[in-house]
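# Structural description and commentary
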Amino acid sequence: MELTADQARKLARSYFDLAQVLGEYRFDKFDILTSAKRTKIEGFERSLLDASTSFTSLAMSISLADLEPVLARIDEVTTTLKDNINQLQKVDRVLKIAGSAVQLAGAILTGNPEAIFKAADESVSIFA
C-alpha cells in the first residue's frame, strides 16, 4: 500500500498528538508511576515521535516526487536570483532578492506545487 502525501501528513500529526498525550499522562501521573514505568512510557513517547518524524519525511518525499515538473522552474529562478545578486549595487534590492529566495525555499518545503509556482513567479517578477 502506498500512502499519499496527505495521508502521511495525517499519520505524522496523529502520532505526534499521541506522543504528546502520552507525555502529558506521564507528567500528570509522575508521582504514582514507578521509575521503570515512567522510563517505559518515555521510551514509547520517543518511538511515537520518531514515527511522526518518519511520516513527515515520507510526506515530504512524496510531495517532492510530485514536483518533478516544477524542479526545472525552481532551478531557473534560483539561477536568475544568484546571477543577479552579484550585479546589484543597492543593498535593498539584494535584500529583496534574498527574501524572495527564502520565500521560495519555504514554498518548496511545503510540497505544494501551487505555492511553489506562485513563489517562483514572484521571484522572477523582481527582475521584470
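Residues numbered from 1 in each chain as written. Predicted model: local features only at pLDDT ≥ 70, side-chain atom pairs only at ≥ 80, totals over all residues. Heavy atoms only, no water.

With the rule as written, the count across this model stands at four salt bridges. In this structure, Arg-9 and Asp-6 form a salt bridge, with 2.9 Å as the shortest nitrogen-oxygen distance. Placement of both Arg-9 and Asp-6 in helix H1 (residues 5-28) is noted, with a separation of three residues, approximately one turn of the helix. Judged by its relative accessible area of 35%, Arg-9 falls in the partly exposed class. In this structure Asp-6 comes out as exposed when scored by relative accessible area, which is 55%. One salt bridge in this structure joins Arg-46 and Glu-42, with 3.4 Å as the shortest N-O distance. With Arg-46 and Glu-42 both in helix H2 (residues 35-66) and four residues apart, this pair spans about one turn of that helix. By relative accessible area, which is 48% here, Arg-46 ends up partly exposed. (Salt bridge = Lys/Arg side-chain N within 4 Å of Asp/Glu carboxyl O. Helix = DSSP H or I, 4+ residues; strand = E, 2+ residues; numbered from the N terminus. Buried < 20%, exposed > 50% of the residue type's maximum accessible area, 1.4 Å probe, protein only.)

Here the distance between the centres and the angle between the planes together describe a pair of aromatic rings. Under the defined criterion, the tally for this structure stands at one aromatic pair. Between Tyr-15 and Phe-55, the ring centres sit 5.4 Å apart and the planes meet at 45°, which makes this aromatic pair tilted. One end of the pair, Tyr-15, is in helix H1; the other, Phe-55, is in helix H2, and 40 residues separate them in sequence. In this structure, Arg-26 packs its charged tip against the face of Phe-27, placed 4.7 Å from the ring centre. (Phe/Tyr/Trp six-rings, centres within 6.5 Å; stacked < 30°, edge-to-face > 60°. Lys NZ or Arg CZ within 6 Å of the ring centre and 35° of its normal.)

On to the nonpolar core, then. In this structure, Ile-74, Val-77, Leu-104, Ala-107, Ile-116, Ala-119 and Ala-120 together form the largest nonpolar core, which totals seven residues. For this core, the secondary structure elements donating two or more residues are helix H3 (68-85), helix H4 (91-110) and helix H5 (113-125). Sort the elements by how many residues they give to this core and H5 lands first, with three residues. Residues in contact with Ala-107, not counting those within four places in the same chain, are Asn-112, Ala-115, Ile-116 and Ala-119. (Core = buried A, V, L, I, M, F, W, Y, C linked by side-chain atoms within 4.5 Å. Contact = heavy atoms within 4.5 Å.)

Quick look at the confidence of the model for the protein now. Parts of the prediction with low pLDDT should not have their coordinates interpreted in detail. Of the residues in the protein, 77% have a pLDDT of 70 or more, and the chain-wide mean is 79. Ranking the elements of the protein by mean pLDDT puts H4 last with 70 and H1 first with 90. (pLDDT = per-residue confidence, 0-100.)

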